[in-house]
Amino acid sequence: MSKRKDSRSSTRHAPQFSGLIRPNGRIWVSAEQFYRAAEQIWTTEGVDLNTFVFPLIVNYALCAELSLKAAEGGAVGGGLTPDGLVKAAKIMSTAHGHNLSDVFASLELPTQAAIESAFLAMSGEQLAPLLTKCSNYFIQARYAYEQIGGSYDLTGVRTLAKGLLDAIKAFGTKNL
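In this text, all values refer to a predicted model and were calculated from it rather than measured experimentally.

Asker: What's the story with the overall build of the chain in this structure? I'm lost.
Answerer: Looking only at helices and strands, the chain features seven helices and three strands. Along the chain, helices (α) and strands (β) appear in the sequence β-α-α-β-β-α-α-α-α-α when read from the amino end. Partitioning the intrachain contacts of the chain with sequence separation of at least 6 by distance along the chain shows that 73% fall at a separation of at least 24. Total accessible area on the chain stands at roughly 9,900 Å², and carbon and sulfur atoms take up 55% of it.

As structure tokens, this is what we get:
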């Protein structure tokens, strides 16, 4: 299991969340939408996947990133007004950045363990090798023209995206 990097002690500080830090459905739904967009391309009959490599990579990798960020979400603000109305709150994650390995490492160790376990159960794959392999896919593919060469594992990033969606949902609903 990976050790947690203390990325919160760097120049970017974690916001002071109101209430509990729990898996966040709002962030998760965004992840699911990027996955579904990629799946539209992947599953459409007669589509040459080579003509959509970068949109596929970007959407699957962003799905994986947002899934991880959904694992530890919270709200800044909120609470009640003196009249008993709920104040507006900003939905956020404890994790930041695009590097998947770094985002995962910034999660609390119990969160990491729960995700790894659920990922294995849902996908039949170990999480760490896929995180390592696909860690910078979003960064590399969104501005692919800036890269000199390179290759991507389409099946690997697809497995990572779907596995994390399922694992985070299972993690979020486990302790209701």
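Asker: I would appreciate a short explanation of the nonpolar core in the present structure.
Answerer: Across soluble globular proteins, nonpolar side chains have a tendency to be buried as a group. In this structure, Leu 68, Ile 115, Leu 127, Leu 160 and Leu 164 are the most contacted members of the largest nonpolar core, which totals 42 residues. Contributions of two or more residues to this core are made by α1 (25-43), α2 (53-71), α3 (100-105), α4 (109-123), α5 (127-134), α6 (137-142) and α7 (154-174). A per-element tally of this core places α2 first, with 13 residues. Setting aside chain neighbours within four positions, we find Ile 115 in contact with Leu 68, Ala 71, Phe 104, Leu 107, Leu 127, Leu 164, Ala 167 and Ile 168.

Asker: What's the story with the pattern of salt bridges in this structure? I'm lost.
Answerer: Side chains carrying opposite charge are able to pair once their charged atoms draw close together. Throughout the structure, instances matching the rule amount to five salt bridges. Of the charged contacts, one joins Asp 153 and Lys 133 as a salt bridge, the two residues approaching to 3.0 Å between their closest N and O atoms. One end of the pair, Asp 153, is in the loop between α6 and α7; the other, Lys 133, is in helix α5, with 20 residues separating them in the sequence. The exposure class assigned to Asp 153 is partly exposed, which follows from its relative accessible area of 22%. The class for Lys 133 is partly exposed, based on a relative accessible area of 45%. Between Asp 166 and Lys 162 there is a salt bridge; the shortest N-O distance is 3.1 Å. Residue Asp 166 and its partner Lys 162 are located together in helix α7, separated by four residues, close to a single helical turn. Looking at Lys 162, the relative accessible area reads 35%, which means it is partly exposed.

Asker: I would appreciate a short explanation of the packing of α1 against α2 in the present structure.
Answerer: Angle between the axes and distance between the axes: these two values describe a pair of packed helices. At a minimum axis separation of 8 Å, α1 and α2 run at an interaxial angle of 160 degrees. Taken together, α1 and α2 sit at an angle that is classed as roughly antiparallel. Between α1 and α2 the crossing geometry is left-handed. Contacts from Ile 27, Trp 28, Ser 30, Ala 31, Phe 34, Tyr 35, Ala 37, Ala 38, Glu 39, Ile 41 and Trp 42 of α1 reach α2 at Pro 55, Leu 56, Asn 59, Tyr 60, Leu 62, Cys 63, Leu 66, Ser 67, Lys 69 and Ala 70. In terms of residue class, the contact of α1 with α2 is built from 16 nonpolar, three polar and two charged.

Asker: Got a minute to help me understand the packing of aromatic side chains in this structure?
Answerer: Each aromatic ring pair is summarised here by two numbers: the centre-to-centre distance and the angle between the ring planes. Taken as a whole, this structure holds five aromatic pairs when the rule is applied. Aromatic side chains Tyr 143 and Tyr 145 sit 6.1 Å apart centroid to centroid with 75 degrees between the ring planes, which places their arrangement in the edge-to-face category. Take Tyr 145: its relative accessible area is 66%, and that puts it in the exposed class.

Here is what the cut-offs are and how they apply
Residues numbered from 1 in each chain as written. Predicted model: local features only at pLDDT ≥ 70, side-chain atom pairs only at ≥ 80, totals over all residues. Heavy atoms only, no water. Helix = DSSP H or I, 4+ residues; strand = E, 2+ residues; numbered from the N terminus. Contact = heavy atoms within 4.5 Å. Areas by Shrake-Rupley, 256 points an atom, 1.4 Å probe, with all protein chains shown as cover. Core = buried A, V, L, I, M, F, W, Y, C linked by side-chain atoms within 4.5 Å. Buried < 20%, exposed > 50% of the residue type's maximum accessible area, 1.4 Å probe, protein only. Salt bridge = Lys/Arg side-chain N within 4 Å of Asp/Glu carboxyl O. Axes fitted to C-alpha atoms, helices over the stretch in contact; angles between N-to-C directions. Parallel < 35°, antiparallel > 145°, perpendicular 65-115°, else oblique. Left-handed = near helix turned anticlockwise from the far one by under 90°. Nonpolar A, V, L, I, M, F, W, Y, C, P; charged D, E, K, R; others polar. Phe/Tyr/Trp six-rings, centres within 6.5 Å; stacked < 30°, edge-to-face > 60°.

Purely geometric numbers; function is a separate question.
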